[in-house]
Amino acid sequence: GNSVTQMEGPVTLSEEAFLTINCTYTATGYPSLFWYVQYPGEGLQLLLKATKADDKGSNKGFEATYRKETTSFHLEKGSVQVSDSAVYFCALSENGNKLVFGAGTILRVKS
Amino acid sequence: DAGVIQSPRHEVTEMGQEVTLRCKPISGHNSLFWYRQTMMRGLELLIYFNNNVPIDDSGMPEDRFSAKMPNASFSTLKIQPSEPRDSAVYFCASSLRGIAYNEQFFGPGTRLTVL
């Protein structure tokens, strides 16, 4: 079946550091890929998405590129802020409806 | 739009009691999802509906759990009887089925504590 694997956290960084959160997936077809973010005490919200190979999703300084050859969708940001502290979920959708989520990665940014 | 609305936001109950969680999806959305989040198991999809019809309930843990969607603007998740291991945050999400990248919009969640 379809699955998503994320790097384990927590990831702790200083402000303005470079961020990478790894995500790889297993799917039988050609899924759409997503990153969702969950701030403390809130529900998940979509951060960015990519619907086909080599697409780059971007939002709020975050980027991720859909790499079919490595089945990856790593999240990056050049300079993190304290306000980026949250839980980040990688997810895929293969049938246009149901999402399969990774376990989530906690990010802590220190000032 | 007010977004996905869930109630109550917090629920504390005793083992054996019935618990009902409520969700109002975003107007116009035709897919609705119930998730459970715990530290141990992460985010789990319990059930989802398309056009008010349950499509996949394979994530519902036991017969104690049931979900209904009587109309396009309301859904309930019921646990009867509740047990301490049901303590979790329950999220409802909705989306517009048929678009290629089905963004799901999540509610704020209901934090359930079963004593």
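About the criteria used
- Residues numbered from 1 in each chain as written.
- Chains lettered and ligands numbered in written order.
- Predicted model: local features only at pLDDT ≥ 70, side-chain atom pairs only at ≥ 80, totals over all residues.
- Heavy atoms only, no water.
- Contact = heavy atoms within 4.5 Å.
- Buried area = accessible area lost by both parts, 1.4 Å probe.
- Salt bridge = Lys/Arg side-chain N within 4 Å of Asp/Glu carboxyl O.
- Polar contact = N/O pair within 3.5 Å; in protein donor to acceptor, adjacent residues only side chain to side chain.
- Helix = DSSP H or I, 4+ residues; strand = E, 2+ residues; numbered from the N terminus.
- Disulfide = S-S within 2.5 Å.
- Buried < 20%, exposed > 50% of the residue type's maximum accessible area, 1.4 Å probe, protein only.

**A look at the interface of chain A and chain B**
Turning to step 1, where the next piece is worked out: On the chain B side, the residues contacting the 19 residues of chain A number 22 residues.
Turning to step 2, where the next piece is worked out: In this assembly, chain A packs against chain B so that about 1600 Å² is buried in total across both faces, 53% of it on carbon and sulfur atoms.
Turning to step 3, where the next piece is worked out: Inspection of the region where chain A meets chain B yields one salt bridge.
Turning to step 4, where the next piece is worked out: For A:Lys98, the salt bridge goes to B:Asp56, with nearest N and O atoms at 2.8 Å.
Turning to step 5, where the next piece is worked out: Linking chain A with chain B are three residue pairs in polar contact (both at pLDDT 80 or more), by the criterion used here.
Turning to step 6, where the next piece is worked out: Among the elements of the structure, strand 5 (32-38), strand 6 (44-50) and strand 10 (86-93) of chain A are those that each provide at least two residues to the side of chain A that touches chain B.
Turning to step 7, where the next piece is worked out: Examining the composition of the side of chain A that touches chain B, we find that four residues originate from one element, strand 5 of chain A, more than from any other.

**Quick notes on the state of the cysteines**
By definition, a disulfide links the sulfur atoms of two cysteine residues through a covalent bond.
Turning to step 1, where the next piece is worked out: Across all of its chains, the model carries two disulfides over all chains by this definition.
Turning to step 2, where the next piece is worked out: For A:Cys23, the disulfide goes to A:Cys90, at an S-S distance of 2.0 Å. Across the S-S bond of A:Cys23 and A:Cys90 the torsion is about -70 degrees, and the bridge reads as left-handed. Of the two residues, A:Cys23 sits in strand 4 (residues 23-26) while A:Cys90 sits in strand 10, which places them 67 residues apart along the sequence.
Turning to step 3, where the next piece is worked out: Across the disulfide from B:Cys23 sits B:Cys92; the S-S distance is 1.9 Å. Handedness of the B:Cys23-B:Cys92 disulfide follows from its S-S torsion of about -65 degrees: it is left-handed. You can see B:Cys23 sitting in strand 3 (residues 19-24) and its partner B:Cys92 sitting in strand 9 (residues 88-95), a full 69 residues away along the chain. With respect to burial, B:Cys23 and B:Cys92 carry one shared label: buried.

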